[in-house]
Amino acid sequence: MASLPINTCGQYGIIRDVFPHELPDGAWSEGKNVRFVNGYAEQMKGHLPVYGASSIEPYFLLPYSTSGARNWIYAGANKAYSVTVDVHTNITRQSGGVDVNYTATANNVWTGTDLSGIAIFNNGTDAPQQWPGTGRAANLSNWPSGYSCKALRSYKYCGIAMNLTISGNNYPHRVLYSQPAEPGSVPSSWDIGDDTKDAGEFDLSKTDGRLIDGAVMGDSFYLYKESSIYRMSYVGGGAIFNISDPITEEAGALALNCIASFPGGHVVLGQGDIFVFNGAQAESIIDARMRRWLQSSLDATYFNRSFLATNPTKNEIWVCLPLVGYDLPNIALIWNYKTNTWTFRDLPSIHYAASGVIDTIVTNSIDSRTNIIDSYTDPIDYNEYTQSSKRLVLADDANEMFLVDASRQFDGMNYTSYIARTGMDFGNSNRFKFVSSIRPMFDGGTNNVIQIYVGGANDLTAAITWSEPFNFTIGQDFEATFEQEWRYIAIKFETTVQTYWRLKSMIIEYEFTGMY
């Protein structure tokens, strides 16, 4: 009998684009609702509602803090609201005391920013909106009449408007920047004809493709077209900004909100790729791991509803995607930039996600429990929030906002977490292998049960035939026993109920049998 020790089950994460029999030991060919941290493969936590039911279907979220409150702005097709603690307030612009509805759609995506302490949000057809934290939102002061823009961001106290429409004519390469705003104020001018102001405009017409979005990195602002990237740098004086030639003509952004900042620069969802841009070059981070999967799995009609979000407490970038047949993102392809691993997480049908500080509320009090206390794996009466840490929040299409990594369920429902490795040939693809046992090293709640499967196939293209599950009880069982013989071996660990587990290592006991 031979043994195969696998000492770090969290080293490589999930790799979909390589033939399973070519993966290194410790890599996984499939999985969902797990993450890879400190050498462990561990079950992800779920999500729970925060702030009560939203007053509208939220297409967009913008965390915004003033001296008096922590607010979350959420905007939909026609209205915008703010919420703090559990008070939802309509902040839709008004005229004569009557709401002036917006004209946003699920495709016409909102963008937003904090510009000199004022919340600015924009949907591409209406005038950009400003909100100082009280009262109603209003059309952005001094915004030029007849103008709209696809994206509006902030840089060096200036508003940066991208992909303009002027009096019904679209200028997809154009950038308009404002006079710098005083603290606590919006820009006093966007008028490029006023020589007393620093507002200006330019066109990025050296490359094809529309201007999609932009983001700050370090001391510069980077402008992303569909297949090129430019740098905008503050120089002062009469020129105000220096605009570079294209830094690359091989990479760009797929859609609005597809750029996320992290300590190494920007993570960007591009045309069939996900790459890191460090200010000088773009490098794919899914090539030979997830790139073919991405290209074959993203819905061809609703791909423009994809977006990126950061989960800073877990060092993760969430690439939220609608898979084929879905009209809203239903899965997150997640990159941990500390461990350089990829994984997947199920999503409710969501429009958007953002990270920000949540009001301090005790959500897991004893009074809120409906089951036997002994069945819970999290502390009782614990606080999910702190006064300073940013948490990831989802905007669901069923008028909910969900806090991520805050429960052992998905909004009160059990969910499946699993990892699987298929195509294992133990170094010899010509021999059959008989697997007799697996000895896993689990960390988790005592008496928690993990279902372990062994199966296999005799051809790499054949479907896996799985054994019946071995119900492995943490703290009681030492090994899971099987009688499985295949040319290519498959192993799976799975849970479908409220529980918690981390897998550090395992030993597979096997022997070679006949020739193929």
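Residues numbered from 1 in each chain as written. Predicted model: local features only at pLDDT ≥ 70, side-chain atom pairs only at ≥ 80, totals over all residues. Heavy atoms only, no water.

K.L.:
Would you explain empty space enclosed by the protein in this entry?
P.N.:
Where empty space is left can be seen by rolling a probe of water-molecule size over the atoms. Going through the model one piece at a time under the given rule, you end up with 3 cavities of 30 Å³ or more. There is about 120 Å³ of room inside the largest cavity. Around the largest cavity sit 15 residues that line it, and Y59, A106, V109, R305 and H351 are the ones nearest its centre. Counted by class, the lining of the largest cavity contains 8 nonpolar, 6 polar and 1 charged residues. Roughly 50 Å³ of internal volume is contained in the second largest cavity. Along its surface, the second largest cavity is lined by I6, D25, G26, A27, W28, R421, M424 and M506. (1 Å grid on protein atoms, 1.4 Å probe; cavity = no way out; pocket = protein on both sides within 12 Å on 5 of 7 lines; lining within 4 Å. Points joined across faces, edges and corners; volume = space filled by probe spheres on them. Nonpolar A, V, L, I, M, F, W, Y, C, P; charged D, E, K, R; others polar.)

K.L.:
In this structure, what is going on with unusual backbone geometry? I would like to understand it.
P.N.:
In most cases, non-glycine residues show a negative phi, while peptide bonds are predominantly trans. With a phi close to 55°, S116 is a non-glycine residue in the positive phi region. Mapped onto the secondary structure, S116 falls in the loop between β12 (111-115) and β13 (118-122). Backbone geometry places A288, a non-glycine residue, at a positive phi of 65°. Tracing the backbone through its elements, the reader meets A288 in the loop between β27 (282-284) and α1 (291-297). (Helix = DSSP H or I, 4+ residues; strand = E, 2+ residues; numbered from the N terminus.)

K.L.:
Before we go on, may I ask you to explain the environment of N139 in this structure?
P.N.:
With respect to the secondary-structure elements, N139 resides in strand β15 (residues 138-139). Residues N139 and R431, 292 residues apart in the sequence, show an inter-C-alpha distance of 71 Å. Beyond its immediate stretch of four places on either side in the chain, N139 contacts R93, A127, P128, Q129 and Q130. For N139, the side chain forms a polar contact with the side chain of R93, separated by 2.9 Å. (Contact = heavy atoms within 4.5 Å. Polar contact = N/O pair within 3.5 Å; in protein donor to acceptor, adjacent residues only side chain to side chain.)

K.L.:
Even after reading the chapter, I still don't get the layout of surface pockets, so can you show me in this structure?
P.N.:
Size it by volume and the largest pocket reaches roughly 970 Å³. G112, R153, T310, Y352 and S355 are the residues nearest the centre of the largest pocket, which is lined by 37 residues in total. Here the lining of the largest pocket is composed, by residue class, of 21 nonpolar, 11 polar and 5 charged.

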